[in-house]
Amino acid sequence: MDYFNIRSLPEVHFAHSYDADSYSNLMRKQDRTMEISYIKEGELHVTRDGEEMVAHTGDILCTLYRSETKIDTSRYHCHHTVCASADFIYYDAPTEESLFLSTVISSPNHGKFEEFIDQLIYAKKIWPERRLKCSGLFLQLLDELSEECRRNMNGGNGGFSYIGKAKKYIYNNINRPITQKEVAASLGITPEYLCAIFKKYTGESMIRFINNRKLENICTLMKNENVPLYRAAEMYGFTDPNYVSRLYRRYHGVSITDDARPKSK
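Model, not experiment: these values are computed from the prediction.

1. A few points about the overall build of the protein
A count of helices and strands for the protein gives nine helices and twelve strands. A globule of 265 residues ought to have a C-alpha radius of gyration of about 18 Å, and the protein, at 20 Å, matches this closely. Its C-alpha atoms give the protein principal-axis dimensions of roughly 60 × 50 × 30 Å. A buried classification covers 47% of the 265 residues belonging to the protein. Residue pairs in contact within the protein that sit at least 24 positions apart in sequence constitute 75% of those at least 6 positions apart. When the accessible surface of the protein is summed, it comes to about 13500 Å², and 47% of that surface belongs to carbon and sulfur atoms. Separation of charge centres in the protein, based on 35 positive and 35 negative side chains, amounts to 4 Å.

Structure (structure tokens):
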């Protein structure tokens, strides 16, 4: 979590939508710059201060350039983003006047943040000379995101506050078999409650979420590093490559070997 405040009117440098079959960007340290992106489709892998995170569809990615940040993906994705600069003052701990921002924000109110970012994209495109309008929208976006992070930190979103913790546990243990019971135990809640809130807030069961993350990583290994299916499956806790093939076809409707085959140029 980053704690900060703004001492000058922000200037929006760009606001646009972007999509590609792959993406890689190393953002160098710049104390006055910040990007906020909405993940419209796919996912982005983020490495910052030695911590690895994943922003999935519907998540908000907040890139504060106070630390060097690497963002990449080897699969198709689409994100809508706005970049602005200002005089940011950072704090080591939260204060009464500080704003709150997590690098990746998962929220049941994600549609509101997508709307803010799309308004900025529209305003920047149609009225590029109206700098105050863009600055005002950006400040509103920051304020709303900060309140969302504050609620998440204090458990104010009810069961949703457990979802980010559950996802972090899954990512940290993705290379081995993971059960819903052990994830729930790590959070101090029952598997039944975790199952209910996970489905409610993400739209998919936890088991399907875990399997999909594993299948995506297996497919990426096969495609980018030419790792055979049986070996890639073992690396993510599966003992039967045929089961992996069936599971991938059930979820995606195509063969994993076809999806892992490099596209012809």
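2. Focus: the packing of aromatic side chains
One pass over the full model with this rule turns up ten aromatic pairs. Here Tyr171 and Phe209 contribute two aromatic rings whose centre-to-centre distance is 6.2 Å and whose plane-to-plane angle is 50°, an arrangement assigned as tilted. Of this pair, Tyr171 sits in helix H3 (residues 161-172) while Phe209 sits in helix H6 (residues 206-225), and the two are 38 residues apart along the sequence. Overall, the relative accessible area of 21% leaves Tyr171 in the partly exposed class. Between Phe198 and Phe209, the ring centres sit 5.4 Å apart and the planes meet at 65°, which makes this aromatic pair edge-to-face.

3. Section: the layout of surface pockets
Roughly 1600 Å³ of volume is contained in the largest pocket. Residue lining of the largest pocket: 47 residues in total, with Glu51, Glu52, Met53, Val54 and Tyr171 positioned closest to the centre. Those elements that provide at least two residues to the lining of the largest pocket are strand S5 (43-48), strand S6 (51-56), strand S8 (69-73), strand S12 (104-105), helix H2 (131-153), H3 and H6. Considering every element that reaches the lining of the largest pocket, the biggest residue donor is H3, with eight residues. Here the residues of the lining of the largest pocket sort into 16 nonpolar, 15 polar and 16 charged. Its volume calculated, the second largest pocket comes out at about 790 Å³. Taken together, 30 residues line the second largest pocket, and the ones lying closest to its centre are Glu41, Gly42, Glu43, Thr57 and Glu216. If you list the elements that add at least two residues to the lining of the second largest pocket, you get H3, helix H5 (191-202) and H6. By residue number, the principal contributor to the lining of the second largest pocket is H6, which donates seven residues. Here the residues of the lining of the second largest pocket sort into six nonpolar, twelve polar and twelve charged.

4. Some points on empty space enclosed by the protein
Counted by the stated rule, this structure contains one cavity of 30 Å³ or more. In this model, the largest cavity occupies a volume close to 60 Å³. Lining the largest cavity we find Tyr23, Met27, Glu35, Ser37, Leu44, Leu61, Thr63, Ile71 and His79. Elements with a contribution of two residues or more to the lining of the largest cavity: strand S3 (23-27), strand S4 (33-41) and strand S7 (60-64).

5. Quick look at a positive patch on the surface
Taken together, the side chains of Lys199, Arg208, Arg246 and Arg250 present a region of like positive charge at the surface. Structurally, Arg208 is set in helix H6. On the basis of relative accessibility, which here comes to 31%, the residue Arg208 falls in the partly exposed class.

6. Observations regarding the sheet that holds strand S11 (residues 99-101)
Pairing is antiparallel in the open sheet, where three strands are placed in the order S10-S1-S11. Where the open sheet ends on each side, the last strands, each with one partner, are strand S10 (88-91) and S11. Between one strand and the next, the sheet's axes are offset by a mean angle of 40°, whatever the strand orientation.

7. Side note on the environment of Cys62
Its location among the elements puts Cys62 in strand S7. Sequence separation between Cys62 and Val104 is 42 residues, and the spatial gap between their C-alpha atoms is 6.3 Å. Setting aside residues up to four positions removed in sequence, Cys62 forms contacts with Glu35, Leu101, Ser102, Thr103, Ile105 and Leu145.

8. Some remarks on the pattern of salt bridges
Taken as a whole and assessed by the stated rule, the structure comprises 17 salt bridges. Linking Asp87 and Arg32 is a salt bridge whose minimum nitrogen-to-oxygen distance equals 2.8 Å. In this pair, Asp87 is assigned in the loop between strand S9 (77-85) and S10 and Arg32 in the loop between S3 and S4, connecting sequence segments 55 residues apart. Arg32 sits in the partly exposed class, given a relative accessible area of 40%.

About the cut-offs
Residues numbered from 1 in each chain as written. Predicted model: local features only at pLDDT ≥ 70, side-chain atom pairs only at ≥ 80, totals over all residues. Heavy atoms only, no water. Helix = DSSP H or I, 4+ residues; strand = E, 2+ residues; numbered from the N terminus. Rg over C-alpha atoms; globule rule 2.2 N^0.38 Å. Buried < 20%, exposed > 50% of the residue type's maximum accessible area, 1.4 Å probe, protein only. Contact = heavy atoms within 4.5 Å. Areas by Shrake-Rupley, 256 points an atom, 1.4 Å probe, with all protein chains shown as cover. Lys, Arg positive; Asp, Glu negative; His and termini not counted. Charge placed at Lys NZ, Arg CZ, Asp CG, Glu CD. Phe/Tyr/Trp six-rings, centres within 6.5 Å; stacked < 30°, edge-to-face > 60°. 1 Å grid on protein atoms, 1.4 Å probe; cavity = no way out; pocket = protein on both sides within 12 Å on 5 of 7 lines; lining within 4 Å. Points joined across faces, edges and corners; volume = space filled by probe spheres on them. Nonpolar A, V, L, I, M, F, W, Y, C, P; charged D, E, K, R; others polar. Patch = residues over 30% accessible without salt bridge, like charges linked within 9 Å, V, L, I, M, F, W, Y side chains within 5 Å. Salt bridge = Lys/Arg side-chain N within 4 Å of Asp/Glu carboxyl O. Pairing = 2+ DSSP bridges. Axes fitted to C-alpha atoms, helices over the stretch in contact; angles between N-to-C directions.

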